[in-house]
Amino acid sequence: MSNIYYIGVDLGTSQTSITTSTGKRFSTTTCIGYTKDVISQKRFGRDHLLGEHALENRLSLNMIWPLADGVICEDEQSLQATVLILKHVIAQTTTEKEKDDKIYAAIGVPAQASIKNKKAIIEATKEFIDKIIIVSEPFAVAYSIDRFDECLIVDIGGGTTDLCRMHGSMPDESDQITLNFAGNFLDNELKKAILHKFPDVQLSSKIIKSIKEKYGYVSEVSEIVKVTLTKRGIPSEYDITDILQACCLKLTTPISKAIQELVGSFDPDFQEKLRNNIIIAGGGSRLKGIDIAIEKSLHEYGGGDAICVQDAEYCGSIGALKMCVEMPDEYWEKI
Ligand SMILES: Nc1ncnc2c1ncn2[C@@H]1O[C@H](COP(=O)(O)OP(=O)(O)O)[C@@H](O)[C@H]1O
Ligand SMILES: [Mg+2]
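Because the structure is predicted, anything quoted here is derived from the model rather than measured.

A.B. asks: Just checking my understanding: could you explain the nonpolar core for this structure?
C.D. replies: Among soluble globular proteins, nonpolar side chains are generally buried collectively. By size, the foremost hydrophobic cluster in this structure holds 43 residues, and its most contacted members are Leu 163, Ile 194, Leu 229, Ile 240, Ile 255, Ile 259 and Ile 278. Apart from the residues within four sequence positions on either side, Ile 278 is in contact with Leu 152, Val 154, Ile 259, Leu 298, Asp 305, Ala 306 and Ile 307.

A.B. asks: Hey, could you run me through the sheet that holds strand S5 (residues 48-50) in this one?
C.D. replies: What holds strands together in a sheet is hydrogen bonding between their backbones, with the strands either parallel or antiparallel. The sheet built from three strands is open, its strands ordered S5-S4-S6 with antiparallel pairing. Lying at the two open borders of the sheet, with one neighbouring strand each, are S5 and strand S6 (61-64). Here the strands of the sheet are splayed against their neighbours by 25° on average, with no regard to which way each runs. The pairing of strand S4 (residues 32-35) with S5 spans three bridges and is classified as antiparallel. Each residue of the ladder has a partner; that of Tyr 34, found in S5, is His 48. Packing against the sheet, helix H3 (residues 76-93) makes contact with S4, S5 and S6, and its axis sits at approximately 115° to S4.

A.B. asks: Just to check I follow, could you spell out the environment of Glu 326 for this structure?
C.D. replies: Inspection of the secondary structure assignment puts Glu 326 in helix H13 (residues 315-326). The exposure class of Glu 326 is partly exposed, given its relative accessible area of 48%. As a C-alpha pair, Glu 326 and Ser 210 span 116 residues in sequence and 38 Å in three-dimensional space.

A.B. asks: Before we go on, may I ask you to explain the environment of Leu 59 in this structure?
C.D. replies: Looking at where Leu 59 falls in the secondary structure, it is placed in the loop between helix H2 (51-56) and S6. In this structure the C-alpha to C-alpha distance between Leu 59 and Thr 35, which are 24 residues apart in sequence, comes to 9.5 Å.

A.B. asks: Help me understand the layout of surface pockets, please; the structure alone is not making it clear to me.
C.D. replies: A water-sized probe, rolled over the atoms, reveals where empty space remains. Taken as a whole, the largest pocket spans an internal volume of roughly 1400 Å³. Around the largest pocket, the lining is made up of 48 residues, and of these Ser 14, Gln 15, Lys 209, Lys 212 and Glu 213 lie nearest the centre. No fewer than three residues from each of domain 1 (4-30 + 65-142 + 314-331) and domain 2 (146-308) sit in the lining of the largest pocket. Space inside the second largest pocket adds up to approximately 350 Å³. Considering the residues around the second largest pocket, the lining is formed by 18 residues, among which Lys 118, Ile 134, Val 135, Ser 136 and Pro 171 are closest to the centre. Looking at which element gives the most residues to the lining of the second largest pocket, the answer is strand S8 (residues 131-136), with four residues.

A.B. asks: Looking at this model, I keep getting lost on the site of ligand 1. Mind explaining?
C.D. replies: Around ligand 1 sit 17 residues, and of these Thr 13, Ser 14, Gln 15, Lys 212 and Glu 213 come closest. In this structure, an oxygen atom belonging to ligand 1 sits 3.1 Å away from a side-chain N or O atom of Glu 137. At a separation of 2.6 Å, an oxygen atom of ligand 1 approaches a polar side-chain atom of Glu 213. In the complex, 90% of the free accessible area of ligand 1, which totals 580 Å², lies under the protein chains. Here ligand 1 occupies the largest pocket.

A.B. asks: What should I look at first to understand the side chain of Thr 125 in this one?
C.D. replies: Structurally, the position occupied by Thr 125 is in helix H5 (residues 118-125). Taking relative accessible area as the criterion, Thr 125 reaches 1% and is therefore assigned buried. Not counting residues within four places of it along the chain, the set of residues in contact with Thr 125 comprises Leu 86 and Ile 132.

A.B. asks: Could you clarify how one ought to interpret the pairing of strand S2 (residues 15-20) in this entry?
C.D. replies: Of all six residues in S2, five are buried; the element is thus mostly enclosed. Note: strand S1 (residues 4-11) against S2, five bridges, orientation antiparallel. What sits directly across from Asp 10, in S2, is Ser 17. Count of turn residues in the S1/S2 antiparallel hairpin: three residues. As defined by bridge partners, S2 adjoins strand S3 (residues 25-29) across five bridges and the pair is classed as antiparallel. Looking at the pairing, Thr 19 lines up with Arg 25 of S3. Connecting S2 to the antiparallel partner S3 that follows it, the hairpin turn spans four residues, and Gly 23 within it adopts a positive phi of roughly 85°.

A.B. asks: In this structure, what is going on with unusual backbone geometry? I would like to understand it.
C.D. replies: Negative phi values dominate among residues other than glycine, just as trans dominates among peptide bonds. Positive phi, normally seen in glycine, also occurs at Asp 146, with a value near 55°. One can find Asp 146 in the loop between helix H6 (137-144) and strand S9 (151-156). Although it is not a glycine, Asp 200 sits at a positive phi angle of roughly 80°. Looking at the element boundaries, Asp 200 is found in the loop between helix H7 (183-197) and helix H8 (205-215).

A.B. asks: Just checking my understanding: could you explain H13 for this structure?
C.D. replies: Taking 1.5 Å of rise per residue, the 12 residues of H13 would be expected to cover 16 Å, and the 17 Å separating its terminal C-alpha atoms lies within 8% of that figure. Within H13, the full set of buried residues consists of Cys 315, Gly 316, Ser 317, Gly 319, Ala 320, Leu 321, Met 323 and Cys 324. For H13, the elements touching its buried residues are S1, S2, strand S7 (102-109), S8 and H6.

A.B. asks: Whenever I open this one, the sheet that holds strand S15 (residues 306-308) confuses me. Can you help?
C.D. replies: Reading across the sheet, the five strands line up as S11-S10-S9-S14-S15 and stay open at both edges, with mixed pairing between neighbours. Each having just a single partner strand, strand S11 (176-179) and S15 make up the two edges of the open sheet. Neighbour-to-neighbour, the strand axes of this sheet turn through a mean angle of 20°, independent of strand direction. The sheet contact formed by strand S10 (residues 161-166) and S11 spans four bridges and is antiparallel. Directly across from Asp 162, in S11, lies its bridge partner Thr 178. Relative to the sheet, helix H12 (residues 290-297) contacts S9, strand S14 (278-281) and S15, its axis offset from that of S15 by approximately 160°.

Parameters and conventions
- Residues numbered from 1 in each chain as written.
- Chains lettered and ligands numbered in written order.
- Predicted model: local features only at pLDDT ≥ 70, side-chain atom pairs only at ≥ 80, totals over all residues.
- Heavy atoms only, no water.
- Core = buried A, V, L, I, M, F, W, Y, C linked by side-chain atoms within 4.5 Å.
- Buried < 20%, exposed > 50% of the residue type's maximum accessible area, 1.4 Å probe, protein only.
- Contact = heavy atoms within 4.5 Å.
- Pairing = 2+ DSSP bridges.
- Helix = DSSP H or I, 4+ residues; strand = E, 2+ residues; numbered from the N terminus.
- Axes fitted to C-alpha atoms, helices over the stretch in contact; angles between N-to-C directions.
- 1 Å grid on protein atoms, 1.4 Å probe; cavity = no way out; pocket = protein on both sides within 12 Å on 5 of 7 lines; lining within 4 Å.
- Points joined across faces, edges and corners; volume = space filled by probe spheres on them.
- Domains from an automatic or database assignment.
- Near = heavy atom within 4 Å.
- Polar contact = N/O pair within 3.5 Å; in protein donor to acceptor, adjacent residues only side chain to side chain.
- Areas by Shrake-Rupley, 256 points an atom, 1.4 Å probe, with all protein chains shown as cover.
- Sits in = over half its atoms within 2 Å of the grid points.
- Expected span 1.5 Å × (residues − 1).

Read these as layout, nothing more, since geometry by itself doesn't imply function.
Set out below in structure tokens:
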């Protein structure tokens, strides 16, 4: 008899996580690197590498981040890359799968991709997924923490911040806002600011991202943040305490504006409840002090209450898995 594997995937702009009904978890970066030439092809013995493996060898590869802008990029390779990443995370967590076993998958994708790329994803994955539901990532987050009452999910990812208004039934397009202010934006701002203050220090995307993830903060006080950077290969320490805070704070204004838009266009009887139930998820929710900073920037709109989810990395895929197990037949895509 064949078995069914229920899987929840959070296919993000920068990170993809999977959780399965057999208790497996796996997470990888949402990127792929195609070999640049005959030498790199020879080095790896194949034409592409995935996730961290690709990042580590990126000098030999042309890197593709297929969902970086919150939708699948329009070039030909991006849909193929998305499919390869999905195949990879599923293969990693269903190693005991027999030929006749079935894969039922719920996939959380950035809000705009859930509208614009749904059909393409369903079509391109039908040879290895037997039944599929595609939902927006913030909705998967709400599902994971059983929040179907009036609340606002703010999912701060790499390429996009997705906001979703929950009101006890399925959210639709008017309940969602996507912003391009998220982790990658912060990385860019931080890079510009460091180079402005310390011209000629040597920075890479990896260096900037790890500084932000380790020290990034939006709280009012912080210890002195000194990082070691090189100038022509010579390392020294640089104090970035103030510029780090100023850059990270650039996220909170657009986010609180978007929160206000969703609150302001809601039934007035429930606006208060909405603004006092803001749930922050995604990698950006790990920024120190983000809940309080968002509350503060909501003061001018009448205030608000925000909390961060516990498990920023797997929250989306756990919600997707739950949905996968619970959703009645009519919600599955016909494939
Ligand atoms: N501790 C941290 N502080 C600040 N940002 C973080 C932290 N950890 C991860 N991030 C950032 O979160 C973003 C990825 O979040 P994630 O929710 O995985 O994105 P997505 O769903 O878009 O793939 C990246 O920009 C990453 O650098
Ligand atoms: Mg996400």
